[in-house]
Amino acid sequence: MKDTSHVNALENEAIYIFREVAAQFEKPVLLFSGGKDSITLVRLAQKAFWPAKIPFPLMHIDTGHNFPETIEFRDRLVKELGLELIVRNVQDSIDQGKVKEESGRYSSRNSLQTTTLLDAIEEFKFDACIGGARRDEEKARAKERIFSVRDDFGQWDEKNQRPELFDMLNGQIELGQNVRVFPISNWTELDVWSYIEKEEIEIPSIYFAHKRKIFLRDGLIWSHSEFVYQEDDEEVIERMVRFRTVGDMSCTAAVFSDAADISSVVQEIRDSTISERGARIDDKRSEAAMEKRKQQGYF
C-alpha cells in the first residue's frame, strides 16, 4: 500500500489556505486554465467547503489559442459541478488596441494575458485571485509567498513581501491592492500527479500519450496547428506524445511518451531529469522572462 501521508499533509495545508481566503477576502476568484494544477485546485476547494458549493467563481483568461481538449474539459467540468465560470478573451484586448499580436518564429499570446487579467480583476473588483503556481516550477515562482500582494497597478515587488511565519497568512490589503493566492505553492509536479492518482481525478486527455501531428524545432516538439508558427521546411510528422504542462498552444511543447495512464505518468516524472517548464518556450526568452512578466501583473 502506498504511503500517502505526504500528499495528505499538503492537502490539509491547501484546505487551510482556501478557508483563510474565504474568511479574509470579500471577493475571491479561482484562476482556471483547464490544466492539471487548476483542476487540482478545484478538487481541494470542493473538499475545503464540502458539503457546500465552492463559494467563488472560476475565471479563465482565454488566449484563443488553447488546446481544444482543454476547453472541452473546462466546460464539462464546470457544468458537472454547477460552478460559475467567467471567461475573458485576449482577442478582445487585441481588438481594443490594448495589446499587440506578436508575429514571427516565437510569437505567442501567453504574455498578452496580463492585460486581460488585470482588466478582469478591475471589472469584477476581485481582491484575491487563487492560482495554481508552484515554487518548484521556476526561479521567479520560488520567490512568491502564499499570499502575494499586488499593488493597485497589479504589479508584484519581489523585494517587498510579507513574512509568513508559523503559517499565519495576512490578508490585510490597502484600497486598490489585491492578493494572488497559491494554495499548492509547496507542492511539486510529482506531488500533483500523486494526488491526482490518489483522488482518481479526471484530467484532459492530452496529458496522456496519444498520436499527434508535430514538428521539431530547437530540440522541442511542437503541435502542428494554425496557432503555431511554422517554417516551410519544418517537416510535419505523426508521433506518440503527451504534454506535461498545458498553456497556449504556441508556447507549449510536448514530450515523446508512451505513458497512457496516471501510474505510467507518475513513473515517467520520477525518472525525468528535465523540469516541467522545460517545455515552455516563453520561459526561454531570457533568464528573467517569468520574473518580468510577474512584475507586470502576470499570474
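Remember, it's a predicted structure, so these values are computed and weren't measured experimentally. (Residues numbered from 1 in each chain as written. Predicted model: local features only at pLDDT ≥ 70, side-chain atom pairs only at ≥ 80, totals over all residues. Heavy atoms only, no water.)

K.L.:
Please provide a residue-by-residue account of the environment of V266, values included.
P.N.:
Checked against the element boundaries, V266 lands in helix α7 (residues 262-271). Residue classification places V266 among the buried positions, given a relative accessible area of 4%. If we skip the residues at most four places from it in the chain, V266 touches L190, W193, S194 and E197. (Helix = DSSP H or I, 4+ residues; strand = E, 2+ residues; numbered from the N terminus. Buried < 20%, exposed > 50% of the residue type's maximum accessible area, 1.4 Å probe, protein only. Contact = heavy atoms within 4.5 Å.)

K.L.:
I'd like a description of the sheet that holds strand β4 (residues 128-130), backed by residues and values.
P.N.:
If you walk across this open sheet you meet the six strands as β3-β2-β1-β4-β6-β5, and the pairing is mixed. Taken across any chain shown, the strands that pair with only one partner, and hence form the sheet edges, are β3 (85-89) and β5 (147-150). Taken pair by pair, the neighbouring strands of this sheet meet at an average axis angle of 30°, ignoring direction. Helix α2 (residues 36-49) contacts β1 (28-31), β2 (58-62) and β4 of the sheet and is inclined by roughly 140° relative to β1. (Pairing = 2+ DSSP bridges. Axes fitted to C-alpha atoms, helices over the stretch in contact; angles between N-to-C directions.)

K.L.:
Account for unusual backbone geometry, with residues named and values stated.
P.N.:
Between W50 and the following residue, P51, the backbone shows a cis peptide bond with an omega angle of 10°. Structurally, P51 can be placed in the loop between α2 and β2. One non-glycine residue, E200, lies in positive phi territory at about 55°.

K.L.:
Would you mind going over the side chain of S250 in detail, with residue names and values included?
P.N.:
Residue position: S250 is located in the loop between β9 (237-242) and β10 (255-256). Owing to a relative accessible area of 7%, S250 belongs among the buried residues under this scheme. A polar contact is formed between the side chain of S250 and the side chain of S108, at a distance of 3.3 Å. Only 2.3 Å separates the side chain of S250 from the side chain of D248, close enough to count as a polar contact. (Polar contact = N/O pair within 3.5 Å; in protein donor to acceptor, adjacent residues only side chain to side chain.)

K.L.:
An account of the pattern of salt bridges is needed here, citing residue identities and associated values.
P.N.:
Within this structure, the stated rule accounts for 23 salt bridges. Among the ionic pairs, R76 bridges to E80, the shortest N-O distance being 3.7 Å. One end of the pair is R76 and the other is E80, both in helix α3 (residues 68-81) and four residues apart, which spans about a single turn. Residue classification places E80 among the exposed residues on the basis of a relative accessible area of 55%. Among the ionic pairs, E268 bridges to R242, the shortest N-O distance being 2.7 Å. Separated by 26 residues along the polypeptide, E268 in helix α7 and R242 in strand β9 bring together distant segments of the chain. A network of salt bridges, in which partner residues are shared, links E11, R43, K47, K198 and E199. (Salt bridge = Lys/Arg side-chain N within 4 Å of Asp/Glu carboxyl O.)

K.L.:
Quick rundown of the nonpolar core? Include the residues and the values.
P.N.:
One broad rule of soluble globular proteins: the nonpolar side chains tend to lie buried together. F18, L30, I130, F147, V181, W187 and W193 are the most contacted members of the largest nonpolar core, which has 60 residues in total. Looking at this core element by element, the count peaks at seven residues for α2. When residues of this core are sorted by domain, at least three fall in each of domain 1 (4-191 + 288-295) and domain 2 (204-283). With near-sequence residues (within four places) excluded, V181 lies in contact with I17, V21, A128, C129, I130, G131, I146 and F147. Within the second largest apolar cluster, 15 residues are counted, among which are I61, V99, I121 and C129. (Core = buried A, V, L, I, M, F, W, Y, C linked by side-chain atoms within 4.5 Å. Domains from an automatic or database assignment.)

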